[in-house]
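Spelled out, the chains give:
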Amino acid sequence: MIVRILNDNQYIIPSLYYDEINALDNALVQSIAGNDREGFRQTYDRMIELVKTNGMPMDPYTVKESDLILPPADMTFEEARKLFVGEGLIPG
């Protein structure tokens, strides 16, 4: 899976992290629905950290279609409210 973090880079993520990314996506939807700003920040920071720590950064001059696009790491709660609704960023 190729994950792009806007204003950052693209990362190749091994498949063993897909479920964890999906669980974090679902937790983000729940924290936003519950107006839990602190929970949102902690969960989104964990998602960004998971991608950066476990993903292999791609050459910034090589652009490939991303399977998942994450907003910038400094996304605000208000911005997240517009994105993490329904099923979140990852359908299913």
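Everything in this summary refers to the structure shown in the same document.

About the thresholds
- Residues numbered from 1 in each chain as written.
- Predicted model: local features only at pLDDT ≥ 70, side-chain atom pairs only at ≥ 80, totals over all residues.
- Heavy atoms only, no water.
- Helix = DSSP H or I, 4+ residues; strand = E, 2+ residues; numbered from the N terminus.
- Expected span 1.5 Å × (residues − 1).
- Buried < 20%, exposed > 50% of the residue type's maximum accessible area, 1.4 Å probe, protein only.
- Arc of directions from axis to C-beta.
- Contact = heavy atoms within 4.5 Å.
- Phe/Tyr/Trp six-rings, centres within 6.5 Å; stacked < 30°, edge-to-face > 60°.
- Axes fitted to C-alpha atoms, helices over the stretch in contact; angles between N-to-C directions.
- Parallel < 35°, antiparallel > 145°, perpendicular 65-115°, else oblique.
- Left-handed = near helix turned anticlockwise from the far one by under 90°.
- Nonpolar A, V, L, I, M, F, W, Y, C, P; charged D, E, K, R; others polar.

1. A few points about helix α2 (residues 37-54)
Taking 1.5 Å as the rise per residue, α2 with 18 residues should run 26 Å; its terminal C-alpha atoms sit 26 Å apart, in good agreement. Where α2 is concerned, the buried positions are G39, F40, T43, Y44, M47, I48, L50 and V51. Projected onto a plane normal to the axis of α2, the buried residues spread over an arc of 160 degrees and lie on a single side. Exposed positions of α2 whose direction lies more than 90 degrees from the buried face are E38 and R46. On its buried face, α2 is in contact with β1 (2-5), β2 (10-12), α1 (18-33), β4 (68-70) and α3 (77-83).

2. A word on the packing of aromatic side chains
Counted by the stated rule, this structure contains 2 aromatic pairs. Aromatic side chains F40 and Y44 sit 6.1 Å apart centroid to centroid with 10 degrees between the ring planes, which places their arrangement in the stacked category. Here F40 pairs with Y44, and both are found in helix α2, just 4 residues apart, close to one helical turn. Take F40: its relative accessible area is 2%, and that puts it in the buried class. Looking at Y44, the relative accessible area reads 0%, which means it is buried.

3. Side note on the packing of α1 against α2
Where α1 contacts α2, the axes come no closer than 9 Å and their chain directions differ by 160 degrees. Overall, the two elements α1 and α2 adopt an arrangement that is roughly antiparallel. The two elements α1 and α2 cross, and the hand of that crossing is left-handed. Where α1 approaches α2, its residues E20, I21, L24, D25, A27, L28, S31 and I32 are matched on the opposing element by G39, F40, T43, Y44, R46, M47, L50 and V51. Each residue belonging to the contact of α1 with α2 can be placed in one class, and the counts come to 10 nonpolar, 3 polar and 3 charged.

4. Notes on unusual backbone geometry
Negative phi characterises most residues that are not glycine, and trans characterises most peptide bonds. Phi angles above zero are rare outside glycine, and N7 is one such case at about 65 degrees. In this fold, N7 is placed in the loop between β1 and β2. Despite not being glycine, N35 has its phi angle at roughly 55 degrees, a positive value. Along the chain, N35 falls in the loop between α1 and α2.

Any functional reading would require information beyond the geometric quantities listed.
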